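Analysis of the macromolecular model
Below are the chains, spelled out letter by letter.
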Amino acid sequence: MQATGPADPNASYVEMPRQATELRSEVLDERKRQIGQQMEANSASLVFFGIVIGVTGLWIRSKL
């Protein structure tokens, strides 16, 4: 970006908090996405192991 006019020192005081807020929002959005993916993976694991344990239990019960 190229400056076209005289530098306004007050503009940076307004711009920096806005940029910080945008960066914070981006970081939080990425973290929410990561947490969502981890929750999906955990749920899938719980379902899988629940099925495996249930089938194993039924198989053991049928052998007794």
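This is a predicted model, so every value here is computed, not measured.

So, the packing of aromatic side chains
The full count for this structure, using the stated rule, is one aromatic pair. Centroid distance F48 to F49: 5.3 Å. Interplanar angle 70°. Geometry classified as edge-to-face.

Things to note about the pattern of salt bridges
It is possible for side chains of opposite charge to pair when their charged atoms get near one another. As enumerated under the stated definition, the model contains three salt bridges in all. The residue E15 makes a salt bridge to R18 at a minimum N-O spacing of 2.1 Å. Of the two residues, E15 and R18 both sit in helix α1 (residues 9-63), three residues apart, roughly one turn of that helix. According to the relative accessible area criterion, R18 is partly exposed, its value standing at 39%. The residue R33 makes a salt bridge to E30 at a minimum N-O spacing of 2.4 Å. Of this pair, R33 and E30 are both found in helix α1, three residues apart, which corresponds to roughly one turn of the helix. A relative accessible area of 41% places R33 in the partly exposed class. A single salt-bridge network, built from bridges that share partners, covers E15, R18 and E22.

So, how was this worked out
Residues numbered from 1 in each chain as written. Predicted model: local features only at pLDDT ≥ 70, side-chain atom pairs only at ≥ 80, totals over all residues. Heavy atoms only, no water. Phe/Tyr/Trp six-rings, centres within 6.5 Å; stacked < 30°, edge-to-face > 60°. Salt bridge = Lys/Arg side-chain N within 4 Å of Asp/Glu carboxyl O. Helix = DSSP H or I, 4+ residues; strand = E, 2+ residues; numbered from the N terminus. Buried < 20%, exposed > 50% of the residue type's maximum accessible area, 1.4 Å probe, protein only.

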